[in-house]
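# Structure assessment
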Amino acid sequence: MRALLGALGALGATALVAVMGAGPAAAADGDGDGDENFTIEDPRITESSGLAASRQHPGIYWTHNDQDSGTYLYAVDSGTGKTVARITLKGVGQQRDVEAIAIGPDNQIYVGDIGDNDGVTWPYVWIYRLPEPKKLVDQTVRATQYVVKYSDGSRDAESMIVHPKTGRVYIIDKNEDGGHLYEGPAKLSSKGTNLFKPTTAVDLWATDAAFSPDGRQLAVRGYFGGIWYDWNGGDLKRGGRISVPIGQGESVSYSADGTKLMLGSEGAGSEVEAQDAPGDQDSDSASGSGGSAQGDGDGGSDNRNVKVGALAVAVVAAVVFGFRRLLRRG
């Protein structure tokens with residue numbers, strides 16, 4: 001989303017904090033291990049829309065703006081919140097709406113230019129792939145560009161994941177009523193169109209997703225809650241809820257060691273909150289602080305939280321859609 005949209009989201013988040021009595025978690029100084037809260041300090045990063053933990057550079061997280069003056073990736077040191085390298089991608093076209101980033105086998109970075117920021121029905125979207133630099137300095141890296149189409153027509157999406165073992169790429173479309181997991185071909189081709197097909201439902205208005213480092217779990221987040229699944233060979237088995245910080249939540253990543261789930265948001269000086277990775281604790285318990293959970297519809301306070309969240313989604317959506325024309329570029 002653009003800067004104005006981020007501001008509107010922040011206003012909505014402020015109202016939600018007043019209603020729900022909870023605020024975003026305070027950032028803590030990280031120690032460089034990549035499993036603590038941190039704040040993104042780079043003033044150039046105003047719309048952090050994806051997050052991926054580096055495996056060869058401990059404590060480093062890759063992020064990007066959803067729209068930028070060029071196609072850039074930023075390596076952020078979680079110990080300080082400062083950018084240690086900006087990577088310029090070459091060999092790709094003019095970006096449209098970059099929404100996701102993931103790291104696959106062999107330290108390959110995948111970037112999903114898969115969004116639909118202006119309500120345009122793109123006939124195709126793009127995925128870029130590049131090797132993660134071994135040295136973290138500002139540099140230009142050639143990327144491979146892949147053309148992607150969906151088997152059932154155009155989709156808006158903000159979630160792209162790469163299985164850490166097989167390297168297969170998946171996309172989850174963004175739909176208020178819940179989306180679907182789309183499976184790409186076993187190996188992407190740079191010489192033709194890569195067809196992605198829906199395989200199973202995802203019960204969330206998804207803004208990002210991430211595989212655990214061992215590929216056994218999938219975490220999907222939205223604005224007001226999240227769900228984790230057992231990957232189960234791609235036949236998703238719902239595990240439980242994920243609590244998310246209040247705000248315009250656009251990103252999620254597991255820490256490199258898989259012990260933490262890192263939840264980020266848009267906006268200048270945005271915070272990334274660390275919480276225990278799901279799966280080993282009671283799946284019905286909310287982990288982390290200052291968030292609202294996406295409920296299972298099992299009554300009580302969970303239902304009340306879901307109703308508040310649904311109302312908040314509707315309010316934010318109305319504001320966003322009402323101002324969409326103002327956000328479009330001339």
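On a predicted model such as this, the values are computed, not experimentally measured, just so you know. (Residues numbered from 1 in each chain as written. Predicted model: local features only at pLDDT ≥ 70, side-chain atom pairs only at ≥ 80, totals over all residues. Heavy atoms only, no water.)

## Side note on the overall build of the protein chain
- Along its length, the protein chain carries three helices and 22 strands.
- The buried share of the protein chain, reckoned over its 330 residues, is 54%.
- A fraction of 56% describes how many contacts in the protein chain between residues 6 or more apart in sequence connect residues 24 or more apart.
- Element-wise, carbon and sulfur atoms account for 48% of the exposed surface of the protein chain, whose accessible area totals about 13800 Å². (Helix = DSSP H or I, 4+ residues; strand = E, 2+ residues; numbered from the N terminus. Buried < 20%, exposed > 50% of the residue type's maximum accessible area, 1.4 Å probe, protein only. Contact = heavy atoms within 4.5 Å. Areas by Shrake-Rupley, 256 points an atom, 1.4 Å probe, with all protein chains shown as cover.)

## Describing the pairing of strand E3 (residues 60-65)
- Among the six residues of E3, six are classified as buried, and the element is accordingly described as predominantly covered.
- Side chains Ile-60, Trp-62 and His-64 project from E3 onto one buried face, and the interleaved Tyr-61, Thr-63 and Asn-65 project onto a second face that is buried too.
- In terms of strand pairing, strand E2 (residues 48-53) meets E3 through five bridges, oriented antiparallel. By the bridge assignment for E3, Ala-52 is matched with Trp-62.
- Across four bridges, E3 lies against strand E4 (residues 72-77) in antiparallel orientation. Within the sheet, the bridge partner assigned to Ile-60 lies in E4 and is Asp-77.
- Here E3 hands over to E4 after six residues, the two strands then running antiparallel side by side. (Pairing = 2+ DSSP bridges.)

## Examining the packing of aromatic side chains
- Here the structure, examined in full by the defined rule, presents eight aromatic pairs.
- Taking the centre distance of 5.5 Å and the plane angle of 85° together, the rings of Trp-205 and Tyr-223 count as edge-to-face. One end of the pair, Trp-205, is in the loop between strand E14 (193-202) and strand E15 (208-211); the other, Tyr-223, is in the loop between strand E16 (217-221) and strand E17 (226-230), with 18 residues separating them in the sequence. For the pair formed by Trp-205 and Tyr-223, the shared burial category is buried. (Phe/Tyr/Trp six-rings, centres within 6.5 Å; stacked < 30°, edge-to-face > 60°.)

## Looking at the side chain of Arg-96
- Within the secondary structure, Arg-96 sits in the loop between strand E5 (83-90) and strand E6 (100-104).
- Despite its burial, Arg-96 pairs with no opposite charge; the closest candidate is Asp-113, at 6.1 Å N-O.
- Those residues in contact with Arg-96, other than ones at most four positions away along the chain, are Asp-66, Gln-67, Asp-113, Trp-122, Tyr-124, Val-125 and Trp-126. (Lys, Arg positive; Asp, Glu negative; His and termini not counted. Salt bridge = Lys/Arg side-chain N within 4 Å of Asp/Glu carboxyl O.)

## Considerations on the environment of Ser-69
- Positionally, Ser-69 belongs in the loop between E3 and E4.
- For Ser-69 and Gln-95, which are 26 residues apart along the polypeptide, the C-alpha to C-alpha distance reads 9.1 Å.

## Here we look at the sheet that holds strand E8 (residues 125-131)
- If you trace the eight strands from one edge of the open sheet to the other, you get E6-E7-E8-E10-E14-E13-E12-E11, paired in mixed fashion. Only two strands of the sheet have a single partner each, and these edge strands are E6 and strand E11 (157-162). In this sheet, adjacent strand axes meet at a mean angle of 30° when their direction is disregarded.
- Alignment of E6 against strand E7 (residues 108-113), held across five bridges, turns out to be antiparallel. Paired with Ile-103 across the two strands is Ile-109, which belongs to E7. (Axes fitted to C-alpha atoms, helices over the stretch in contact; angles between N-to-C directions.)

As far as function goes, none of this settles anything; it's purely spatial.
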